[in-house]
Amino acid sequence: MSMEKDLKALRPLSIGDLERITDMAVMILDAEGRIICYSKGCEKIEALRRDEVIGKSPEELYNPQQFPNIIRPKRSMVLDTLKTGKIYQETLDYYTTVGGNEANILCSTYPIYGKNGKIDYALCIYREVSDYLEMIAEGNKKQSDRQIPSHYQQNGTQHTFDNVIGSSPMLQKAIYRGKIVAKTDAPVLIWGETGTGKEVFAQSIHNYSAFSPYPFVAVNCSAIPEALLESTLFGTCKGSYTGAVNRKGLFEEAENGTLFLDELNSMAVGLQSKLLRVLETGRFRSVGGQEEKPCKCRIISAINEEPFIAIENSHLRADLYYRLAVFSIELPPLASRREDIAETAEYFIGSMAPVLGKKVTRLSSAVKQIFESHSWPGNVRELRHIITQAIYFAGKDEAFIKPHHLPEYLLRTNTAPEAAPPSGLPGTSGEEGLSQLMNAYEAKIIQDTLEKTGHNVSRAAKQLQISRTNLHNKIKKYNLEKAEG
Ligand SMILES: Nc1ncnc2c1ncn2[C@@H]1O[C@H](COP(=O)(O)OP(=O)(O)OP(=O)(O)O)[C@@H](O)[C@H]1O
């Protein structure tokens, strides 16, 4: 019998056969997006039973209303395959499963076409790779411990993973992923709100990678006028327009290194298509140039909105996203990792106070409480600015950052017990504006200090770290003369 006949004699494979596979997750969706095959391997990874998922769609399973706190997979790759026919190959993803497992998976998806050319099914095959990633990370750590890059800073960077601060699991996960992707030469997309550390991460990835001896070149796509961005990226050729000279673009400046495209979602969509072409062909052409040049740098890009929202809002081309986000790293907002706030603040104090000649090292507990209730719209950048300002306001010998060292807007919106204007102050009724309250607060502090020092103006002035004359003026201003004794 011929081989073909042999094969015909076999019974067709059934879904049951696939579902018995244990060391690989095999999932199939029908044309409606419902799960019709869910192997033992899926059950193991997701901690869900087959009968809990059959007939449901992945979107239904990961319903945000029902499971608000889980880290979601990137928008379901398999659903995307079903809708668009796009094939994902060995794509890394991290998420918390509805069943409560933490999953690092390597996933491939394929469309299965019917006779009419339409997609009848989408096949998704994935496996757990946490142990494997752990191993790589360990290996990477040993390697990076050996070679502290002395060239960093000369390559245009200031940051390595060593100064990415925060022990929260969310940030540690991002660092962990960053270290793994650093060892590849694939494009990386970092996304997170403003000030969450996207550039810090991009530089850290560069310094942890084989590209680190070469330049790290950053460009903020929103800061350069659209008309100039193309020539900035790709360079110009003499004669391409009046006055044009031969000038290298950033793709060439970053040769063998990393090109960091910050705020990519602000780049004009037309230019995004040109960038896509470069990524697809690995070649680019200077403005006005004839010959194509090879693109020899790794691209890290950053956006400040959720990728699929950026795509929906037409801020980011979907095809460019898939090219750029071979690996994507999400940076959590500071408010969602509150356990990192004090640690990061004290790290900034430790690095800045000695330079500014101050002895301050810690946050007072009232300041911690204020920080705890603040919403941190500017994320770590905002924290850094607040700490810089507070160090300036702290007295030379003070050990703690206190509420009165903080900017007024923080006190206004987040009142901790020590920071709140003390109740029962003369002249306060709860109706006052900020400056009246601040005056009342200042008066109360002065009065308390005078009482504590037995109304000794010199000692009180010393304690408040203001001059005697200044204190006398304030005593007068707040009508505290009686207290002067
Ligand atoms: N995890 C961190 N540890 C220490 N410093 C950090 C961390 N994250 C951010 N920073 C600091 O916060 C500031 C802002 O970081 P960065 O510029 O990387 O943010 P970004 O997300 O790129 O902001 P933007 O969206 O405005 O471009 C920098 O001063 C940086 O040093």
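The coordinates are above.
As the structure is a computational prediction, the values presented were derived from the model and not from experiment. (Residues numbered from 1 in each chain as written. Predicted model: local features only at pLDDT ≥ 70, side-chain atom pairs only at ≥ 80, totals over all residues. Heavy atoms only, no water.)

Caption draft 1: Molecular detail of the overall build of the protein chain. In terms of helices and strands, the protein chain carries 22 helices and 14 strands. For the protein chain, with 485 residues in total, the buried portion stands at 46%. Of all intrachain contacts in the protein chain linking residues separated by at least 6 positions in sequence, the fraction that spans at least 24 positions is 62%. Just so you have it, the protein chain exposes about 25,100 Å², and 52% of that area is on carbon and sulfur atoms. (Helix = DSSP H or I, 4+ residues; strand = E, 2+ residues; numbered from the N terminus. Buried < 20%, exposed > 50% of the residue type's maximum accessible area, 1.4 Å probe, protein only. Contact = heavy atoms within 4.5 Å. Areas by Shrake-Rupley, 256 points an atom, 1.4 Å probe, with all protein chains shown as cover.)

Caption draft 2: Inspection of helix 17 (residues 379-393) at higher detail. Spanning 15 residues, helix 17 covers 22 Å between terminal C-alpha atoms, matching the ideal 21 Å at 1.5 Å per step. Where helix 17 is concerned, the buried positions are N379, V380, E382, L383, I386, I387, A390 and I391. Considered in projection along helix 17, the buried side chains sweep an arc of 165 degrees and stay on one side of the axis. In helix 17, the exposed positions that point more than 90 degrees away from the buried face belong to H385 and Y392. On the buried face of helix 17, the contacting elements are helix 15 (341-352), strand 13 (362-363), helix 16 (365-373), strand 14 (400-401) and helix 18 (408-413). (Expected span 1.5 Å × (residues − 1). Arc of directions from axis to C-beta.)

Caption draft 3: Fine view of the side chain of S301. Within the secondary structure, S301 is located in strand 11 (residues 298-303). Residue classification places S301 among the buried residues on the basis of a relative accessible area of 0%. When neighbours within four sequence positions are excluded, S301 is seen to be in contact with V188, L189, I190, F260, L261, L264 and L324.

Caption draft 4: Main features of unusual backbone geometry. The residue W376 is not glycine, and still its phi comes out positive at about 50 degrees. Residue position: W376 is located in the loop between helix 16 and helix 17. Judged by relative accessible area, W376 falls into the buried class, the value being 1%. Notably, N379 is not glycine yet its phi reads approximately 55 degrees, a positive angle. Relative to the helices and strands, N379 is located in helix 17.

Caption draft 5: Spotlight on the nonpolar core. Judged by nonpolar contacts, the single largest core of 32 residues is most densely connected at L233, F251, L259, L261 and L264. Residues contacting L264, with those up to four places away along its chain left out, are C221, Q272, L275, S301, A302, I303, H315, L316, L320 and L324. Counting 25 residues, the second largest nonpolar core, distinct from the first, contains L48, V53, Y62 and V78. (Core = buried A, V, L, I, M, F, W, Y, C linked by side-chain atoms within 4.5 Å.)

Caption draft 6: Highlighting the environment of E102. Assignment of secondary structure puts E102 in strand 4 (residues 102-113). Sequence separation between E102 and E128 is 26 residues, and the spatial gap between their C-alpha atoms is 9.8 Å.

Caption draft 7: Region of interest: the sheet that holds strand 7 (residues 216-220). The sheet built from five strands is open, its strands ordered 7-8-11-6-12 with parallel pairing. Both edges of this open sheet fall to strand 7 and strand 12 (327-330), since each of them pairs with a single strand only. In this sheet, adjacent strand axes meet at a mean angle of 20 degrees when their direction is disregarded. Pairing between strand 6 (residues 188-191) and strand 11: four bridges, direction parallel. When the bridges of strand 11 are listed, W191 appears paired with I303. Strand contacts of helix 9 (residues 198-207): strand 6, strand 7, strand 8 (258-262), strand 11 and strand 12, with the helix running at about 150 degrees to strand 6, the strand carrying the most contacts. (Pairing = 2+ DSSP bridges. Axes fitted to C-alpha atoms, helices over the stretch in contact; angles between N-to-C directions.)

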